[in-house]
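Single-letter residue listing:
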Amino acid sequence: MADEHHPHDDQHGSELSEMQLRVRALETILTEKGYVDPAALDQLIENAETRIGPHIGARVVARAWSAPEFKRRLLEDATEAVNALAGFDPVAAHLIAVENTPQVHNIVVCTLCSCYPWSVLGLPPVWYKSASYRSRAVIDPKGVLSEFGVKLPPDTQIRVWDSTAETRFLVVPMRPQGTEGWSEEDLARLVTRDSMVGTGLAKSPGEIG
Amino acid sequence: MSNTIHDMGGMHGFGPVVAEPHEPPFHSAWEGRVYAMQRAMGFTGMWTIDGGRASLETLPPLTYLAASYYERWFLGLEKRLVAHGLVGDDELAAGRSLRPGLRLNRKLTLEDAKTPQYLRYDRPAAAAARFKPGDAVRTRNLNPTTHTRLPRYARDKRGTVEAVRGCHVFPDSAALGAGDDPQWLYTVAFAARELWGEDADPAIRVSIEAFEPYLIPA
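Residues numbered from 1 in each chain as written. Chains lettered and ligands numbered in written order. Predicted model: local features only at pLDDT ≥ 70, side-chain atom pairs only at ≥ 80, totals over all residues. Heavy atoms only, no water.

A. Geometry of the overall build of chain A. When helices and strands are counted, chain A shows twelve helices and four strands. Across the 209 residues in chain A, those meeting the buried criterion constitute 58%. Partitioning the contacts of chain A with sequence separation of at least 6, the portion at a separation of at least 24 is 63%. Only carbon and sulfur atoms are counted for the fraction: they give 50% of the accessible area of chain A, which is about 8200 Å². (Helix = DSSP H or I, 4+ residues; strand = E, 2+ residues; numbered from the N terminus. Buried < 20%, exposed > 50% of the residue type's maximum accessible area, 1.4 Å probe, protein only. Contact = heavy atoms within 4.5 Å. Areas by Shrake-Rupley, 256 points an atom, 1.4 Å probe, with all protein chains shown as cover.)

B. Representation of the domain arrangement of chain B within the structure. Residue and element names in this part refer to chain B. Examined at the domain level, chain B breaks down into domain 1 (29-114) and domain 2 (136-217). The partner domain 2 presents six residues to the six residues of domain 1 that form the contact. Together domain 1 and domain 2 conceal approximately 450 Å² of surface at their shared face, both sides included; 50% is due to carbon and sulfur atoms. When the area that domain 1 buries against domain 2 is broken down by residue, the three leading residues are Asp 50, Arg 53 and Glu 57, summing to 71%. (Domains from an automatic or database assignment. Buried area = accessible area lost by both parts, 1.4 Å probe.)

C. Broad picture of the packing of aromatic side chains. Enumeration according to the criterion identifies 18 aromatic pairs over all chains in this entry. Seen from their ring centres, Tyr 116 of chain A and Tyr 128 of chain A are 4.8 Å apart, and the 65° between their planes marks the pair as edge-to-face. Of this pair, Tyr 116 of chain A sits in the loop between strand E2 (104-109) and helix H6 (118-121) while Tyr 128 of chain A sits in helix H7 (residues 126-129), and the two are twelve residues apart along the sequence. On the basis of relative accessible area, Tyr 128 of chain A is assigned to the buried category, the value being 0%. Here the aromatic rings of Trp 118 of chain A and Tyr 35 of chain B are separated by 5.8 Å at their centres, their planes lie at 35°, and the arrangement is tilted. Taken as a pair, Trp 118 of chain A in helix H6 and Tyr 35 of chain B in helix H1 (residues 29-43) lie in two separate chains rather than in one. Trp 118 of chain A gets classed as buried once you look at its relative accessible area, which sits at 15%. Given the relative accessible area of 4%, Tyr 35 of chain B is considered buried. One aromatic cluster is present, formed by Trp 118 of chain A together with Phe 26, Tyr 35, Tyr 69, Tyr 70 and Trp 73 of chain B through successive ring pairs. (Phe/Tyr/Trp six-rings, centres within 6.5 Å; stacked < 30°, edge-to-face > 60°.)

D. Spotlight on the pairing of strand E3 (residues 157-162) of chain A. Within E3 of chain A, five of the six residues are buried, which leaves it mostly tucked inside the rest of the structure. Across six bridges, the pairing between E2 of chain A and E3 of chain A is parallel. Bridge pairing links Val 104 of chain A to Gln 157 of chain A in E3 of chain A. Pairing analysis gives five bridges linking E3 of chain A to strand E4 (residues 204-211) of chain B, with the strands arranged parallel. Looking at the pairing, Asp 162 of chain A lines up with Ile 208 of chain B of E4 of chain B. (Pairing = 2+ DSSP bridges.)

E. View of the packing of H1 of chain B against helix H4 (residues 69-83) of chain B. Residues and elements named next belong to chain B. Where H1 meets H4, the closest approach of the two axes is 9 Å, and the angle between their N-to-C directions is 40°. Our classification of the angle between H1 and H4 gives oblique. By crossing handedness, the relation of H1 to H4 is classed as left-handed. Of H4, the residues touching H1 (which contributes Trp 30, Glu 31, Val 34, Tyr 35, Met 37, Gln 38 and Met 41) are Tyr 70, Glu 71, Trp 73, Phe 74, Leu 77, Arg 80 and Leu 81. Each residue belonging to the contact of H1 with H4 can be placed in one class, and the counts come to ten nonpolar, one polar and three charged. (Axes fitted to C-alpha atoms, helices over the stretch in contact; angles between N-to-C directions. Parallel < 35°, antiparallel > 145°, perpendicular 65-115°, else oblique. Left-handed = near helix turned anticlockwise from the far one by under 90°. Nonpolar A, V, L, I, M, F, W, Y, C, P; charged D, E, K, R; others polar.)

F. Spotlight on the interface of chain A and chain B. Counting from both sides, the interface comprises 85 residues of chain A and, opposite them, 92 residues of chain B. Summed over both sides, the interface between chain A and chain B buries roughly 7800 Å², with carbon and sulfur atoms accounting for 62% of that surface. Counting the surface chain A buries against chain B, the share from its top three residues, Lys 33, Tyr 35 and Leu 112 of chain A, is 10%. The interface formed by chain A and chain B holds seven salt bridges in total. Ionic pairing is found between Arg 33 of chain B and Glu 27 of chain A, a salt bridge with its closest N-O pair at 2.8 Å. Elements represented by at least two residues in the side of chain A that touches chain B include exactly helix H1 (13-32), helix H2 (38-51), H6, H7, helix H8 (131-136), helix H9 (141-147), E3 and strand E4 (168-172) of chain A. In terms of residue count, H1 of chain A provides more of the side of chain A that touches chain B than any other element does, 13 residues in total. Class assignment of the residues belonging to the side of chain A that touches chain B gives a composition of 44 nonpolar, 20 polar and 21 charged. (Salt bridge = Lys/Arg side-chain N within 4 Å of Asp/Glu carboxyl O.)

G. Geometry of the sheet that holds strand E3 (residues 183-191) of chain B. Strand order across the open sheet formed by seven strands is E2(A)-E3(A)-E4(B)-E3(B)-E2(B)-E1(B)-E5(B), with mixed pairing between neighbours. On the outer flanks of this sheet lie E2 of chain A together with strand E5 (215-217) of chain B, each paired with one strand and no other. Sheet twist, expressed as the average angle between the axes of neighbouring strands with direction ignored, equals 35°. Relative to E3 of chain B, strand E2 (residues 158-168) of chain B runs antiparallel, the two sharing six bridges. Looking at E3 of chain B, one finds that Ala 163 of chain B is bridged to Thr 187 of chain B.

H. The domain arrangement of chain A, seen in detail. Segmentation of chain A into domains returns domain 1 (10-50) and domain 2 (53-208). Between the C-alpha centres of domain 1 of chain A and domain 2 of chain A the distance comes to 31 Å.

I. Layout of the pairing of E2 of chain B. In this structure, strand E1 (residues 136-139) of chain B lies alongside E2 of chain B, joined through three bridges in antiparallel fashion. Among the inter-strand pairings, Val 137 of chain B is bridged to a residue of E2 of chain B, identified as Gly 159 of chain B.

J. Spatial organisation of the pattern of salt bridges. This structure, assessed with the given rule, holds 30 salt bridges over all chains. Linking Glu 91 of chain B and Lys 33 of chain A is a salt bridge whose minimum nitrogen-to-oxygen distance equals 2.8 Å. Taken as a pair, Glu 91 of chain B in helix H5 (residues 89-94) and Lys 33 of chain A in the loop between H1 and H2 lie in two separate chains rather than in one. Across this residue pair, the class does not change: Glu 91 of chain B and Lys 33 of chain A are buried. Put simply, Glu 111 of chain B and Lys 114 of chain B hold a salt bridge, and the shortest N to O gap is 3.6 Å. Linking Glu 111 of chain B with Lys 114 of chain B, this pair stays in helix H6 (residues 110-114), spanning three residues, or about one helical turn. A residue is classified by how much of its surface remains accessible, and Glu 111 of chain B, at 52% relative accessible area, is exposed. A relative accessible area of 36% means that Lys 114 of chain B is categorised as partly exposed. Among the charged side chains, a network of salt bridges with common partners joins Lys 33 of chain A together with Asp 90, Glu 91 and Arg 99 of chain B.

This is how it looks when you write it as structure tokens:
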């Protein structure tokens, strides 16, 4: 990633230990001043690591594939439809679902920063926040898709959604062939994070073994 | 500032997009702490989400490009805490608190953190929406020195309103601490050729979420 450092990149080791020190110092200051509760910070991190994630979006998509009435509601008002789904915290706000079809493939980006549907996909991956993705998704979406290994029929229309406001976009990928009669639980296993951003397709039954 | 390095749509030279298999939510413990401090301090209501974005966008361009995502968050948070008088530069240098904190309107508790907090930005409208789906519009050629959500590549371009998304807090005003100033929000789609010239692929369309003050009838 051109603009990101990773802790496992040895050449950035000293820089990161400086970051560790600065971050620790800031948390000490904010705690001493009574602005933050470290236990609440722990909880926020635990939420991000375990509670939110693409498994939520995958269940939404699997339901949409299975239940036409739910899909209709999802495409009409995704916030309402997702919040009404049993088993989820009612957390979505300003969520918009866009459907891939044989004619149109949707892909989502935030050119200005990192807007992403956290409530259904969790935190965005590093590539989504990278300068390469943000710069190129709007001018060369086909090149980006080919780097992700996505092959589409040549006459497919590409639709790029730049998330420039608080609205958040969830792509509903096409249901793979050969999944007739599958349970929602099994269908959800085919739905990848990237397929819900538009940089991937749902897996085929053969890919999950 | 709006014409700064964060506005990356359409730039060349950043190389291929490289995805990391099995990427964890955080690559190091400090990233999680920065994420959580940012969320907790945002909860206090001392600044708006748009004020937060503006503090990232006004980092020096070389700093912005050289920093990782959570390094940027950290630098923006430090800057905002100092600007709002919540933390002193001397305290950042000392690595500890040197005086009592200011009184906050609210503080994120453990209970709050257990309940996912998603803020809503839709607001009652003061007037009817000026545009409707199907309307031809042109984006204005705006170059404010303050925060905006109208990217450079989509200024002074002809597009079509596809959807009315309701009336929302206007980031350009909210970032300045000038209140919600609610405005109608639209999905406006452009042909790639309108944005990138006649050599662009006719099969590509790009949409932005455009606030009404960005738009004029075409």
